[in-house]
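Now for the letters of each chain:
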Amino acid sequence: MRAVRGEPAELDEEHLVRRVARGDRRAFEELYRRTSPWLTVRLRRRCSDDQIVAEVLQETYLAVWRAAGAFAGTATGGSAVGWLWTIAARRLVDAFRRRAHHAQPPAAAAPAHTAPAADEPVLDGVVGDEVGDALRRLAPELRQVLLAMVLDGLSVRETAVLLGVPEGTVKTRARRARIAMREALA
């Protein structure tokens, strides 16, 4: 954690968000400069459409500017970057829903071949064949929890917000996923 001083470049992300809440444009620019590259990468892991990623990024930082005062911070066990990712993930889900709503193909036009999920190529590059195969065999709801908590490093609370399920459900699915992975890799 960086020392807390007066200049935005010297502040940690939590203090930047607090300054953004007070309308500090320099703090907002510094927050954007620090977080937008990794946020873009994380969004691209889940969506290969650059236009959607750009829209989600813009909507995310607009929401940060407008709602920075709602950031509760470490007092609730969250981090500024976790809060930022939660906003971005929600915006991405909203974008997928809008896209699906406006682009429903007729049933006869649906392709017989389904493309791999956006995270499949990433998984192939990050985890070995045996682990990757075990992950792909998990039920989708278990895999989502495991990816969010392990690959993305989200807390139980952040994962619950991201997936729109209760924290207890996240804990149960994480436990079931770990058991299934352990059995698959034994």
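It should be emphasised that the depicted structure is a prediction, and the values quoted were computed from it without experimental measurement.

**Points about the overall build of the protein**
Here is step 1: When helices and strands are counted, the protein shows nine helices and zero strands.
Here is step 2: Taken from N to C terminus, the helices and strands of the protein fall in the order α-α-α-α-α-α-α-α-α.
Here is step 3: Expressed as a percentage of its 186 residues, the buried residues of the protein come to 37%.
Here is step 4: Pairs at least 24 residues apart make up 57% of the contacts formed inside the protein by residues separated by at least 6 positions.
Here is step 5: Of the accessible surface of the protein, which amounts to about 11000 Å², a share of 53% is contributed by carbon and sulfur atoms.

**Thoughts on helix α2 (residues 25-46)**
Here is step 1: With 22 residues, α2 ought to run about 32 Å at 1.5 Å a step, and its terminal C-alpha atoms sit 30 Å apart, in line with that.
Here is step 2: Its axis deflected by about 45° at Thr35, α2 carries its strongest bend there, up to four residues before the proline Pro37.
Here is step 3: Taken together, the buried positions of α2 are Ala27, Phe28, Glu30, Leu31, Arg34, Thr35, Ser36, Leu39, Thr40, Arg42 and Leu43.
Here is step 4: Between a side-chain oxygen at the N-terminus of α2 and the backbone nitrogen of Arg26 the separation is 3.0 Å; the capping residue is Asp24.

**Remarks on the confidence of the model for the protein**
Here is step 1: Confidence in the prediction for the protein averages 79 pLDDT; 77% of positions are at 70 or higher.
Here is step 2: Within the protein, helix α3 (residues 50-67) carries the highest mean pLDDT (93), whereas helix α5 (residues 120-126) carries the lowest (47).
Here is step 3: Counting interchain partners and residues more than four positions distant, the pLDDT-below-50 stretch residues 104-119 has five contacts.
Here is step 4: Note that pLDDT drops below 50 for residues 122-127; the model gives that stretch nine contacts with residues more than four away or on any other chain.

**Section: the packing of helix α7 (residues 140-151) against helix α8 (residues 156-163)**
Here is step 1: Contact geometry of α7 with α8 gives a least axis separation of 10 Å together with a crossing angle of 130°. It follows that α7 is oblique to α8 by the angle criterion. Handedness of the α7/α8 crossing: right-handed. Residues Gln144, Val145, Ala148 and Met149 of α7 form the contact with α8, whose participating residues are Val156, Thr159, Leu162 and Leu163.
Here is step 2: Per-class residue counts for the contact of α7 with α8 are six nonpolar, two polar and no charged.

**Here's the deal with the packing of aromatic side chains**
Here is step 1: If you walk through the whole model with that rule in mind, you get four aromatic pairs.
Here is step 2: On the basis of an interplanar angle of 80° and a centroid distance of 6.2 Å, the ring pair of Phe28 and Tyr61 is categorised as edge-to-face. Here the residue Phe28 occupies a position in helix α2, and Tyr61 occupies one in helix α3, the gap between them amounting to 33 residues.
Here is step 3: Among the residues examined, Phe28 registers a relative accessible area of 18% and is labelled buried.
Here is step 4: Among the residues examined, Tyr61 registers a relative accessible area of 3% and is labelled buried.
Here is step 5: Grouping aromatic residues by their ring pairs yields a cluster made of Phe28, Tyr32, Tyr61 and Trp65.

Criteria and thresholds
Residues numbered from 1 in each chain as written. Predicted model: local features only at pLDDT ≥ 70, side-chain atom pairs only at ≥ 80, totals over all residues. Heavy atoms only, no water. Helix = DSSP H or I, 4+ residues; strand = E, 2+ residues; numbered from the N terminus. Buried < 20%, exposed > 50% of the residue type's maximum accessible area, 1.4 Å probe, protein only. Contact = heavy atoms within 4.5 Å. Areas by Shrake-Rupley, 256 points an atom, 1.4 Å probe, with all protein chains shown as cover. Expected span 1.5 Å × (residues − 1). Bend = angle between axes of the 7 residues up to and from the residue. Polar contact = N/O pair within 3.5 Å; in protein donor to acceptor, adjacent residues only side chain to side chain. pLDDT = per-residue confidence, 0-100. Axes fitted to C-alpha atoms, helices over the stretch in contact; angles between N-to-C directions. Parallel < 35°, antiparallel > 145°, perpendicular 65-115°, else oblique. Left-handed = near helix turned anticlockwise from the far one by under 90°. Nonpolar A, V, L, I, M, F, W, Y, C, P; charged D, E, K, R; others polar. Phe/Tyr/Trp six-rings, centres within 6.5 Å; stacked < 30°, edge-to-face > 60°.

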